[in-house]
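Read off the chains here:
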Amino acid sequence: MATQQVEAGAAGHGAEPRGKRGEDGQATYLIAIAEALWEEMERDERVFMLGEDIGVYGGAFKVTEGFIDRFGPERVMDTPIAEETIVGMSVGAAMEGLRPVAEFQYADFMSSGFDEITTVLSRYHYRAGVPLPVVLRGPSGGGVRASSFHSINPEPWYAYAGGIKIMCPAFPSDAKGLLKSAIRDDNPSMFLEHKWIYRRIKEQVSEDPEFLVPIGSADVKREGSDVSIITYGAMVHKALEASEALAQRGVSAEIVDLRTVYPLDEETILRSIEKTSRALVLYESYRFLGIGTEVAAVIAEKAFEHLDAPVVRLAPPNVPVPFSPPLEDAFLPQIADIEAAVDRLAGW
Amino acid sequence: MATQQVEAGAAGHGAEPRGKRGEDGQATYLIAIAEALWEEMERDERVFMLGEDIGVYGGAFKVTEGFIDRFGPERVMDTPIAEETIVGMSVGAAMEGLRPVAEFQYADFMSSGFDEITTVLSRYHYRAGVPLPVVLRGPSGGGVRASSFHSINPEPWYAYAGGIKIMCPAFPSDAKGLLKSAIRDDNPSMFLEHKWIYRRIKEQVSEDPEFLVPIGSADVKREGSDVSIITYGAMVHKALEASEALAQRGVSAEIVDLRTVYPLDEETILRSIEKTSRALVLYESYRFLGIGTEVAAVIAEKAFEHLDAPVVRLAPPNVPVPFSPPLEDAFLPQIADIEAAVDRLAGW
Amino acid sequence: MRRTVATKVEPDAATAGRPLPDDRLKEILYFLKLARYFDERMEALYRQGRLPGAIYSGRGQEGTHVGVAYALEPEDSLFPTHRDLTAQLTKGLELKRVMAQFWGRIDGYLRGRDGNSHIGDWYGHRTYAVMSHLPIAYPVACGAALAYQRAGTGHVALAICGDGATSNGRWHEALNTSSVFRLPVVWVVNNNQFAYSTPNAKEFAVPTIAERGAAYGIPGVRVDGTDVLEVYRVAREAVERARRGDGPTLIEAVSLRWRGHAGHDPAKYVPRELLEHYMLSKDPVKNFEQYLKDQGVVTEEDVTDIQARVEREFEEGHEYALASPFPEPGDVTKGWWVEDGYWVGEPGRAGGTEAS
Amino acid sequence: MRRTVATKVEPDAATAGRPLPDDRLKEILYFLKLARYFDERMEALYRQGRLPGAIYSGRGQEGTHVGVAYALEPEDSLFPTHRDLTAQLTKGLELKRVMAQFWGRIDGYLRGRDGNSHIGDWYGHRTYAVMSHLPIAYPVACGAALAYQRAGTGHVALAICGDGATSNGRWHEALNTSSVFRLPVVWVVNNNQFAYSTPNAKEFAVPTIAERGAAYGIPGVRVDGTDVLEVYRVAREAVERARRGDGPTLIEAVSLRWRGHAGHDPAKYVPRELLEHYMLSKDPVKNFEQYLKDQGVVTEEDVTDIQARVEREFEEGHEYALASPFPEPGDVTKGWWVEDGYWVGEPGRAGGTEAS
Ligand SMILES: Cc1ncc(C[n+]2csc(CCOP(=O)(O)OP(=O)(O)O)c2C)c(N)n1
Ligand SMILES: Cc1ncc(C[n+]2csc(CCOP(=O)(O)OP(=O)(O)O)c2C)c(N)n1
Ligand SMILES: [Mg+2]
Ligand SMILES: [Mg+2]
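This is a predicted model, so every value here is computed, not measured. (Residues numbered from 1 in each chain as written. Chains lettered and ligands numbered in written order. Predicted model: local features only at pLDDT ≥ 70, side-chain atom pairs only at ≥ 80, totals over all residues. Heavy atoms only, no water.)

Here the focus is the overall build of chain C. A tally of regular secondary structure across chain C gives 11 helices and eight strands. The C-alpha radius of gyration computed for chain C amounts to 20 Å, which stays within 12% of the reference 21 Å derived for 356 residues, consistent with globular compactness. Oriented by its inertia axes, the alpha-carbon framework of chain C measures out at about 55 × 50 × 40 Å. For chain C, the residues scored as buried account for 66% of the 356 residues in total. Long-range pairs, those at least 24 residues apart, make up 75% of the contacts in chain C with a sequence separation of at least 6. As presented, chain C carries roughly 11700 Å² of accessible surface, and 50% of it is formed by carbon and sulfur atoms. Across chain C, the 42 positively charged side chains and the 49 negatively charged ones have centroids separated by 3 Å. (Helix = DSSP H or I, 4+ residues; strand = E, 2+ residues; numbered from the N terminus. Rg over C-alpha atoms; globule rule 2.2 N^0.38 Å. Buried < 20%, exposed > 50% of the residue type's maximum accessible area, 1.4 Å probe, protein only. Contact = heavy atoms within 4.5 Å. Areas by Shrake-Rupley, 256 points an atom, 1.4 Å probe, with all protein chains shown as cover. Lys, Arg positive; Asp, Glu negative; His and termini not counted. Charge placed at Lys NZ, Arg CZ, Asp CG, Glu CD.)

What follows is the structure, given as structure tokens:
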């Protein structure tokens, strides 16, 4: 897992064109996502994309740059600013056999389509038996000074609704493999792309058009024996960095990257706790009822006999993501916070 | 706590006029709510109500029957079917010093105003320092054969958003006292009225216009020593019934009624666990990321050393509330399920 | 009462005399009578406490429901609301399975997962399973229409909502988007003059809903919703227009809700004279029956036969529904995901998903 | 270019000659020049990487922003969007605190909790702190207007959004509801011909936004948004209309966004000729300056003085912003609830909440 930090543009979001893989063949997370979309559009002509400014402009983050030239405006549809209708249209098109992939300019604006997502998309198959192979994708997460309306982690809202598979990958390969799986899945799915990762993390990514990562399976990104850090998204990278420092002082952290947050891979989580007997649940969604809350509750219920210490949660408070750098830094869990929490747990 | 089951109308929802207290002076939950609204409208003329069919018709459940005659159409406003605007109007009116109480015909339709609730109402004060004394109220919950679109427990969605105090009372007195507190509170609040309780539960309720129940405080509805059942809403009544049967076979259950689900009264929860060392978290919101998930995580983190058994959650699956009686009964936690879970815990 | 606003939809030459062959006119009468009888009987059962859930009567509005649904071909799709069960029956749903749905049985179209008019039969009759949130199916209809446009099949989506539902933002989004993309969709607003207790004047500040089409560049037509043939003609024109690729039409069909919003509502807020006027002079079933008699299309005996058929079907449906088993409690956790296989083999599914 | 659609708003007799006293005309020129200079300098700082966050240039649209905000009295409220910072400056916000906000400092209007144009100063200047979701302030403006109506104060709420935001359901809900209740509100659509990269034709299928007022029973007026005085006049009429209790007006002010959607966007999708036409012939600042010179209201020297004042204020603001402290990290958990007291004593709050 060779990863590397790449610097973002001025605002850290939306600043640069998509570009291609580097000369070393590595792909950023953003490029890996674009490749997944491109390959699936090539593979299956029922797949099409819709969203705001994704065609002519290539998307606010330039994920879909160049797509309209290859696939035409019918399959790369620029829509009006009407999120309920973007979702509703995706549902209707899926009912008639198409496989829509809707882009939200920011995952924040999924809330503007909330009712169609949670009332129609999430419930239709259970109630009426009609499969809805719809993918909703969009950039989520903070850490780029984009403040409250461009930084949210909305996954808990949609996980609570049920009926939608939700992915929050941390690495380019996982992003590519999961997005391809999501597009091929007959169920609704939500694919959240962490904007802090977009251009910062790159690695070697498979070019095999059949490269898939299974939805619903977590992945141990680092083996360890003292404490399990259960996490996902951008926090995986913070955990990895913290674990280096921890290792140097003899604390061995295991890092479980959930990758899919709904449904949850309880097995992999519990296996790790069996091994370490200590759990730090680290997440960027808000603390109260964020994804890690479910992880903590699962551990408390199903791994009780293995636990040697309390299940500790490390997450931001349930307040709007603040803009000012010192506030946002205080809001987000930092590497030092992770180290301190792991140290406390290890010493229990 | 003299309570009594009262039978509902045909559909169990929306069937009968509000009426008054019984001859014994007892008030149903519905009447207690109506009294709270009435008294606060009398007390403070900045308070006004808006919603669909609340004026001339008196509301789908007849909570506001008779209000328009007393307070006039300016303070009992019938609105178009536009939930985003009902919330937005409430916010704007509150910014200018009014104290709106918005009724949703069903709490299910709060999702149609989701963006104004979670983007504006929940975030405005933290960002800009303007207090928004807005109350959103509506009937929630299942058990009355009203199926998916008229039975939801939406509280976890809004709790995750933060910034809104959320109440889910189980008893007429708590409902009255909490609603009055909510109307007087300078923060946004959401008051969820469980429709199964509306006409089924009655008790003596204070007529003192200054009778208030503090927001954010849980209440031990039954003392016990073996297992704590942490619950709220309609499930409190199921827990109470189960605890009778349990008592008969020598198992003593303590029942903690959260009353307010956000912010959570961690102190009362933890005090109970200290006493019993065993926790059953019982809730009607969906299992995955429902309110009880937070309760379980808090216990796992903060009461670890007191626990003698896993923290067990009992809640419905994250699927649409089904209509057919056997399905809805299987969906909702039943008294037998509670007993079985408590027995398992007690025998740990 | 019909008047055209904005772009005028030209009357079809073929409708000058009787617009349809006699057997089809008789079929329309059958649907009208079926709807009326079903509505009355179900209300009675509801009042006797013999029906779980709620009922949303469409009595008085049968002209709109039958008229618009009859204008569709089997492959065209229908996106209705809570009050439009009659439109679904006209589209072809089987009465007995509808009734099984009302009683929460496994043979209901949604296998007991939803009840009463939250019904639909997508694979069988291309009707969308109703959802309560108003008008949540409007944007979905855009998507089906988009698929038809792209496939070039000439199919059309038709969506219905009430007068009150037009106040909701989704209504605007769907109309606007459908016009931007010139989608093959027909927007029907079933203006029964009330949204629960709320009259038109409290929902919008313009005289008609039809004229609002102009704000989207969509032709708007206002039609008497109690006149089934007029509704059919207008809807048929709109459907053909969409089929030709000329984009959406907005139809406002005006009638009156004879009963309350739902079974429990006595609807005291409806002015008595208005109600009497509609019940006495604008009964869509009686008026159409009289028209067919006047035209010599049906005899008194034909009408008696139709009525007998309707009543027989109702009894059969009722028996079928009560004999149908409840779903198994354990089913509640089945069908979260397609791969669970819960819906495979469902009658009308013609085996397997279309999506895969 | 101004043309009236639907109900015509009659020109005010007083506007026949110069519509405003000379000192107020000069003040308008000051706001225009302040806006232009601020916009240019901030963009330069953004490009140099010396500004955190994003910038949304309003260059080319100053006529709309200054015109509508100048039509308001201090007690009237303004509900703007991301691109309307100039309107907020015209309403009275202090440049230095605006700049402190851009740099995330404690003296910013939102104490560093939000940045750039997500600004507002409710207690000081009755401007609503901008939220991104489009057009999320429209329904909120209805509520403020409702409070004015009820209190009989004669105050007015004015909300701005872009052409693209009109596609969203909230836009419809707010217009519709405001008309049903005849609220004292003015709806301004800042039609800069693009929503990010999306041109008008892909957002709606009618020639103008103003004509959509008819669907709500609201008069709609289309005005050249590069002509500050025309905008002012139309807005003033609409404000007075609302004040009189005659209900909402919809104003479409047409201009062109000279720069990209945000700082990073080169806006290659804007046709070159269109851009050149607007930049050369329809510069709201230059044209108004020329008008005042032609009318003998200002001399070249006056203009130089105004420009000098603007530049001085910018430098002072810049210094102030950079000297202002950052918020304390520990503040992040303060101010969840009113009772935390975090906002008490905020400048402009005049002590305590108005709500309690
Ligand atoms: C978004 C939303 N808000 C509220 C409701 C509750 N509700 C159900 S039907 C109804 C009235 C609908 O009126 P109209 O659209 O005219 O349809 P009708 O019932 O008259 O056919 C209301 C308010 C709902 N279903 N959806
Ligand atoms: C509901 C919603 N969807 C998407 C966005 C992302 N977004 C921000 S500005 C913008 C374009 C807005 O265009 P317009 O309304 O014309 O305003 P302008 O920027 O041109 O002033 C978009 C799509 C948003 N802010 N809100
Ligand atoms: Mg109606
Ligand atoms: Mg624009």
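All right, on to the site of ligand 1 then. Neighbouring ligand 1 are 21 residues, the closest being E83(B), H82(C), R83(C), N192(C) and F194(C). Those residues lying near ligand 1 are distributed over chains B and C. Residue E83(B) places a side-chain N or O atom 2.5 Å away from a nitrogen atom belonging to ligand 1. One of the backbone N or O atoms of S132(C) is found 3.0 Å from a nitrogen atom in ligand 1. When grouped by side-chain class, the residues that make up the shell around ligand 1 number seven nonpolar, nine polar and five charged. (Near = heavy atom within 4 Å. Polar contact = N/O pair within 3.5 Å; in protein donor to acceptor, adjacent residues only side chain to side chain. Nonpolar A, V, L, I, M, F, W, Y, C, P; charged D, E, K, R; others polar.)

What follows covers the site of ligand 2. Within the structure, ligand 2 sits among 21 residues, and E83(A), H82(D), R83(D), N192(D) and F194(D) are positioned closest to it. With respect to ligand 2, its neighbouring residues span chains A and D. Alone, ligand 2 offers 580 Å² of accessible surface; in the complex the protein occludes 97% of this. The residue makeup of the shell around ligand 2, split by class, is seven nonpolar, nine polar and five charged.

Time to look at the packing of aromatic side chains. The relation between two aromatic rings is expressed through the spacing of the ring centres and the mutual angle of the planes. Tallied over the full model, the rule gives 61 aromatic pairs over all chains. Seen in terms of ring centroids, W157(A) and Y160(B) are 5.7 Å apart; in terms of plane orientation they differ by 85°. Their pairing is edge-to-face. Placement of W157(A) in helix α6 (residues 155-161) and of Y160(B) in helix α6 (residues 155-161) is noted, with the two residues assigned to different chains. Side by side, W157(A) and Y160(B) carry an identical accessibility label, which is buried. An aromatic cluster is defined as three or more aromatic residues linked by ring pairs; in this entry it consists of F114(A), W157(A), Y158(A), Y160(A), Y286(A), F331(A), F114(B), W157(B), Y158(B), Y160(B), Y286(B) and F331(B). It is R97(C) that lies over the ring of Y109(C); its NZ or CZ is 4.1 Å from the centre. Above the plane of the ring of Y30(C) lies R309(C), whose end atom (NZ or CZ) is 3.5 Å from the centre. (Phe/Tyr/Trp six-rings, centres within 6.5 Å; stacked < 30°, edge-to-face > 60°. Lys NZ or Arg CZ within 6 Å of the ring centre and 35° of its normal.)

This paragraph deals with the interface of chain B and chain C. With 37 residues of chain B at the interface, the matching set in chain C holds 41 residues. Taken together, both faces of the contact between chain B and chain C bury some 3000 Å²; the carbon and sulfur share is 65%. Among the residues of chain B in contact with chain C, I81(B), F149(B) and F323(B) are the three that bury the most area, contributing 23% of the side total. A salt bridge links K202(C) to D78(B), with the nearest nitrogen and oxygen atoms 3.3 Å apart. Top contributing element to the side of chain B that touches chain C by residue count: helix α11 (residues 325-331) of chain B, with five residues. Here the residues of the side of chain B that touches chain C sort into 21 nonpolar, 11 polar and five charged. (Buried area = accessible area lost by both parts, 1.4 Å probe. Salt bridge = Lys/Arg side-chain N within 4 Å of Asp/Glu carboxyl O.)

Let us now look at the coordination of the magnesium ion (ligand 4). Residue and element names in this part refer to chain D. Within the protein, the atoms that donate to the magnesium ion (ligand 4) are D163 (OD), N192 (OD1) and F194 (O), at distances of 2.1 to 2.2 Å. All donors of the magnesium ion (ligand 4) belong to a single chain; written as a sequence motif, their spacing is D-x28-N-x1-F. With D163 in the loop between β3 (157-162) and α7 (169-180) and N192 in the loop between β4 (185-191) and β5 (194-195), this residue pair connects regions lying 29 residues apart in the sequence. Across the pair, N192 and D163 agree in class, each one buried. (Donors = N, O, S within 2.8 Å, 3.2 Å for Na, K, Ca; no water.)

Residues and elements named next belong to chain A. In spatial order, the strands read β3-β2-β4-β5-β7-β6-β12; together these seven strands make up an open sheet with mixed pairing. Looking along the sheet, the strands with just one partner apiece sit at the ends: β3 (76-78) and β12 (260-262). Neighbouring strand axes in the sheet, compared pairwise and without regard to direction, differ in orientation by 20° on average. Judged from the five bridges that link them, strand β2 (residues 47-51) and strand β4 (residues 99-103) form a sheet pairing that is parallel. By the bridge assignment, F48 is partnered in β4 with P100. Packing against the sheet, helix α7 (residues 172-184) makes contact with β2, β4, β5 (135-140), β6 (165-167), β7 (189-194) and β12, and its axis sits at approximately 160° to β7. (Pairing = 2+ DSSP bridges. Axes fitted to C-alpha atoms, helices over the stretch in contact; angles between N-to-C directions.)

A word on the nonpolar core. Counting residues in hydrophobic clusters, the biggest one holds 310 residues, and the most contacted among them are I299(A), I299(B), W187(C) and W187(D). Not counting residues within four places of it along the chain, the set of residues in contact with W187(C) comprises Y138(C), A141(C), C142(C), A159(C), A174(C), L175(C), S178(C), I218(C), P248(C), T249(C), L250(C) and I251(C). (Core = buried A, V, L, I, M, F, W, Y, C linked by side-chain atoms within 4.5 Å.)

What follows covers the relation of the copies chain B and chain A. Superposing chain B onto chain A takes a rotation of 180° combined with a translation of 0.0 Å along the rotation axis, leaving an RMSD of 0.0 Å. Overall, the copies show the geometry of a two-fold rotation axis. For chain B, the smallest separation between a C-alpha atom and the rotation axis is recorded for A297(B), amounting to 2.5 Å. Of the residues that chain B buries at the interface, 100% are likewise interface residues in chain A, meaning the two copies contact each other through the same surface. (Least-squares fit on C-alpha atoms with pLDDT ≥ 70 in both.)

Residues and elements named next belong to chain A. Tracing the backbone shows E244 in helix α8 (residues 234-248). Given a relative accessible area of 46%, E244 falls into the partly exposed group. Sequence spacing of E244 and E339 is 95 residues, and the spatial spacing of their C-alpha atoms is 9.8 Å.

What follows concerns the interface of chain B and chain A. Taken together, the contact pairs 50 residues of chain B with 50 residues of chain A. Here chain B packs against chain A, burying approximately 4800 Å² in sum over the two surfaces, 63% of which is carbon and sulfur. Among the residues of chain B in contact with chain A, W157(B), Y160(B) and F288(B) are the three that bury the most area, contributing 18% of the side total. Where chain B meets chain A, there are six salt bridges. Ionic pairing is found between E301(B) and R313(A), a salt bridge with its closest N-O pair at 3.5 Å. At the boundary of chain B with chain A, the tally comes to 23 residue pairs in polar contact (both at pLDDT 80 or more). For the side of chain B that touches chain A, the secondary-structure elements that each account for two or more residues are α4 (114-121), α5 (124-128), α6, β12 (260-262), α10 (291-302) and β14 (312-314) of chain B. Its residues placed into classes, the side of chain B that touches chain A shows 29 nonpolar, 11 polar and 10 charged.

The subject of this paragraph is the domain arrangement of chain A. Residues and elements named next belong to chain A. Parsing chain A into structural domains produces domain 1 (13-203) and domain 2 (219-346). Using only C-alpha atoms to locate each centre, domain 1 and domain 2 end up separated by 26 Å. Residue-level contacts link 29 residues of domain 1 with 27 residues of domain 2. Between domain 1 and domain 2, the buried area comes to about 2200 Å², and carbon and sulfur atoms account for 61% of it. (Domains from an automatic or database assignment.)

Further remarks concern the side chain of S112(B). Following the sequence through the fold, S112(B) ends up in the loop between β4 (99-103) and α4. Using a relative accessible area of 7% as the deciding quantity, one classes S112(B) as buried. When neighbours within four sequence positions are excluded, S112(B) is seen to be in contact with D115(A), E83(B), E84(B), H133(C) and R170(C).

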